[in-house]
Amino acid sequence: MAAASLPLRKQIYYAIGQLGWSTLVNIIGFWQVKFYIPPEADNMPSLITRATIFVVINAIAIIAATGRIWDAITDPIIASLSDRSKNPAGRRIPFMRLGAIPAAIFLVLTFMPPDREPTILNIVWLVFTLLGFFLFLTMYVTPYFALIPEFGHTPTERLKLSTWISVTYALGIIVASQASAIWSPMIASGMDPLTARQIAIGILAAFAVIMMLTPVFTIREKDYSEGQPTNVPILPALLRT
């Protein structure tokens, strides 16, 4: 029996997952540098050295680049594992289920350095937590995008899904940018600025997890996808790519 077309309600549930991971990744984009190397007006201590290499490259830039290099390694590995999965619940959604909560936890941990001054330990902590974050985010995002051609059986259906997730990605940017609106009243009431920021990030991460798990628990992958496991090992797959 052919897989059914994804109804509008399920399309929205699917798109909501992107709202979740967009919120997480844009929290990193908006706030990580300002958290570890804050402007003087924020009345917060620097948590990583401001020293630069070759005039313009600082520690936080090197750490961010490390995360992206890690992405280049983990993306094809997760993609291959998902493609070859024989899980009875489907090839994609089980990976998304595994990745959602750990991604949010590691996101929060990146904003909880062990020291409140610039130390090597903070750098090690940030590298470790970012690698964990990008690993589990990849575990969610790579299978998530693989569902577009599997849920969209026609060009029109695929266009609709792509449109929905474009909207929810933009909404994720808006949500992530509102972290300061959450922590500002806490700081105004006398809370430590660092703690207030950590609580705000935790609140947004919790919201993001709920959004990411929405398609996981509302869509039965096998009902709408005809995708079958592949037998191509990872190295030949990489060479083909």
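The preceding data block contains the structure.
Residues numbered from 1 in each chain as written. Predicted model: local features only at pLDDT ≥ 70, side-chain atom pairs only at ≥ 80, totals over all residues. Heavy atoms only, no water.

A. Structural view of the overall build of the protein. Each helix and strand in the protein was counted, giving 9 helices and 2 strands. When the elements of the protein are put in sequence order from the N terminus, they spell out α-β-β-α-α-α-α-α-α-α-α. Relative to its length of 241 residues, the protein is compact, with a C-alpha radius of gyration of 20 Å against a globular reference of 18 Å. With the C-alpha coordinates of the protein rotated into their principal frame, the extents come out at 60 × 40 × 25 Å. Each of the 241 residues in the protein was classed as buried or not, and the buried ones make up 44%. For the protein, contacts bridging at least 24 residues in sequence account for 78% of all contacts bridging at least 6. (Helix = DSSP H or I, 4+ residues; strand = E, 2+ residues; numbered from the N terminus. Rg over C-alpha atoms; globule rule 2.2 N^0.38 Å. Buried < 20%, exposed > 50% of the residue type's maximum accessible area, 1.4 Å probe, protein only. Contact = heavy atoms within 4.5 Å.)

B. Local environment of a nonpolar patch on the surface. Taken together, Ile-69, Ile-73, Ile-77 and Leu-81 make up a surface patch of nonpolar side chains, about 350 Å² in accessible area. Mapped onto the elements, Ile-77 comes out in helix α2 (residues 59–84). Overall, Ile-77 belongs to the partly exposed group, its relative accessible area being 37%. (Patch = residues over 30% accessible without salt bridge, like charges linked within 9 Å, V, L, I, M, F, W, Y side chains within 5 Å. Areas by Shrake-Rupley, 256 points an atom, 1.4 Å probe, with all protein chains shown as cover. Salt bridge = Lys/Arg side-chain N within 4 Å of Asp/Glu carboxyl O.)

C. Region of the structure containing the packing of helix α4 (residues 120–151) against helix α5 (residues 155–177). As a packed pair, α4 and α5 sit with axes 8 Å apart at the nearest point and diverge in direction by 150°. Judged on the interaxial angle alone, α5 and α4 are roughly antiparallel. Each of Tyr-144, Phe-145, Ile-148, Pro-149 and Phe-151 in α4 lies in contact with α5, whose residues at this interface are Glu-157, Arg-158, Leu-161, Ser-162 and Ile-165. Of the residues that constitute the contact of α4 with α5, the class distribution is 7 nonpolar, 1 polar and 2 charged. (Axes fitted to C-alpha atoms, helices over the stretch in contact; angles between N-to-C directions. Parallel < 35°, antiparallel > 145°, perpendicular 65-115°, else oblique. Nonpolar A, V, L, I, M, F, W, Y, C, P; charged D, E, K, R; others polar.)

D. Molecular detail of the packing of helix α1 (residues 8–36) against α5. The contact between α1 and α5 brings their axes to 6 Å, and the two run at 35°. The two elements α1 and α5 cross, and the hand of that crossing is right-handed. Partitioning the contact of α1 with α5 into residue classes produces 19 nonpolar, 8 polar and 1 charged. (Left-handed = near helix turned anticlockwise from the far one by under 90°.)

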